[in-house]
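The primary structure of each chain is shown beneath.
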Amino acid sequence: MIWRSYQLGDSVLKTSDSLVLLKTERGLVEIGKDGLAVAVKLDGKVRGYVLQGDCKLALDTIVETREGAIGKPIEKEVKKPFLALGTSEELQRSLGTASVDDLKRMGYENSQQFLTEAKELLNHFSRRRMGYFNCSHDSEGSIFAFPNDAGRVDILLADGPKLVYKAVGMIFIADGNKTVLKSPERVIVSDLGKCLTIRA
Amino acid sequence: MSEDMKEEMKKLKEEIANMKTQLRDIAEPSSRRGRGLYIDIGSPVQDYVQDVMQGVAEGVHGELERSIFIGPRGCRILKTAEPLREEVEESTDFNKVAGLMSALGNEHRLRTLNELMSGGKYVNELQEKLSEITVSTLSSHLNVLEETGLVVQEKVRGRYLITMPGRTAYKMAMKVTRFLGAGNEE
């Protein structure tokens, strides 16, 4: 159970520049300047961060079929702390120490408040996802966990052309031209325009 | 057996015989006696059955009317014709329908949809095909098509894709145009 070993760092950091955390054919995650961060470690090595700031999430959760496109893209701003595992070294390089003003800008009185929120998110992720995920720097893949309004976390997994997004009421899986979209109404499986729809 | 008992038994037998006769009269009046069982269900029930039969007949007639299409080139049976329900008609948002028709009611928007029928395209690819209009005009047309749900734009790659309703609407517009053209020729 790898997740049991995930630990949070002690110090609160901040992003010194706007950064692209993920950019693939179908997914984009960006964080703005002066966002807060705390390291997530596994066996003493930094595997990712809990971040909070001006975060933009864009996903093309659209299935192309011969009968036309199905689904809508997702574009939203994430204001709450979110988990990013397997992120780039560029992020690690751009991080500096956060000041009290940086914390106050995000609505925290002190660093402990942010660390408590970050720990809660990490625990929530670990509790919900159990040992399914193991992300290391050896892999190109990334894992994101975004808190949603339902009190759960939306999960985004990305590795090159492969992408999985699980949110409330939907699951989207893509591998190049192969896509699967599951909504409460139907499941659509598509491969280069060929499409199979299963209605609920 | 005493005399009283015999008398009592005789009375009972007579009563049973009377009851049998009454029952037969109810189930089978003398005027209708013949083969089979006749049950008088009363006129209200007969009226109800008649109404039901009338309804069924009207339904069959209506279904035939909807299933047979009479056009300028003769008549044909519409195998997939779905019954038109009044409640659907009542709930139709005609403003929305008018908005959709308005979105289709422009030559450049129809040509844009035509280009997207072969697959998703970036704005510059569409601009090449519709070189007679400016990029801003094309963007404006794409916005109209997107607002009505006929096309969708990817947020990461930025391509425009025709949606399932967009494809259906475009095909419908083309079909109606061809149909009207054929009607005018005859």
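Residues numbered from 1 in each chain as written. Chains lettered and ligands numbered in written order. Predicted model: local features only at pLDDT ≥ 70, side-chain atom pairs only at ≥ 80, totals over all residues. Heavy atoms only, no water.

(A) Looking closely at the packing of helix α5 (residues 107-116) of chain B against helix α7 (residues 135-147) of chain B. Residue and element names in this part refer to chain B. Close contact between α5 and α7 brings their axes to 10 Å; oriented N to C, the two are set at 75°. Regarding the angle of α5 to α7, the classification is roughly perpendicular. Contacts between α5 and α7 involve H108, R109, T112 and L113 on the former and, on the latter, L138, H141, L142, V144 and L145. Along the lines of polarity and charge, the residues of the contact of α5 with α7 split into five nonpolar, three polar and one charged. (Axes fitted to C-alpha atoms, helices over the stretch in contact; angles between N-to-C directions. Helix = DSSP H or I, 4+ residues; strand = E, 2+ residues; numbered from the N terminus. Parallel < 35°, antiparallel > 145°, perpendicular 65-115°, else oblique. Contact = heavy atoms within 4.5 Å. Nonpolar A, V, L, I, M, F, W, Y, C, P; charged D, E, K, R; others polar.)

(B) The interface of chain A and chain B, seen in detail. Facing the 21 residues of chain A at the interface are 14 residues of chain B. Between chain A and chain B, a total of about 1300 Å² is buried, with carbon and sulfur atoms accounting for 58% of that surface. Where chain A touches chain B, the interface holds three salt bridges. Ionic pairing is found between K155 of chain B and E75 of chain A, a salt bridge with its closest N-O pair at 3.9 Å. On the surface where chain A and chain B come into contact, there are seven residue pairs in polar contact (both at pLDDT 80 or more). Only β4 (27-31), β7 (55-59), β8 (63-65), β9 (68-70) and β10 (74-78) of chain A provide two or more residues apiece to the side of chain A that touches chain B. Of the residues forming the side of chain A that touches chain B, the biggest block, three residues, is contributed by β9 of chain A. Considered class by class, the residues forming the side of chain A that touches chain B number eight nonpolar, five polar and eight charged. (Buried area = accessible area lost by both parts, 1.4 Å probe. Salt bridge = Lys/Arg side-chain N within 4 Å of Asp/Glu carboxyl O. Polar contact = N/O pair within 3.5 Å; in protein donor to acceptor, adjacent residues only side chain to side chain.)

(C) Molecular detail of the confidence of the model for chain B. Residues with a pLDDT of 70 or more make up 61% of chain B, whose mean pLDDT is 77. ipTM for the predicted complex: 0.85, alongside a pTM of 0.71. (pLDDT = per-residue confidence, 0-100.)

(D) Seen up close, the pairing of β4 of chain A. Residues and elements named next belong to chain A. Counted residue by residue, β4 has four buried out of five residues, so it is predominantly covered. Alignment of strand β3 (residues 19-23) against β4, held across four bridges, turns out to be antiparallel. The residue of β4 that forms the bridge with L19 is I31. Once β3 ends, the chain turns through three residues before running back antiparallel as β4. Strand direction decides the pairing type here: β4 and β7, joined by five bridges, are antiparallel. If you follow I31 over to β7, its bridge partner there is C55. (Buried < 20%, exposed > 50% of the residue type's maximum accessible area, 1.4 Å probe, protein only. Pairing = 2+ DSSP bridges.)

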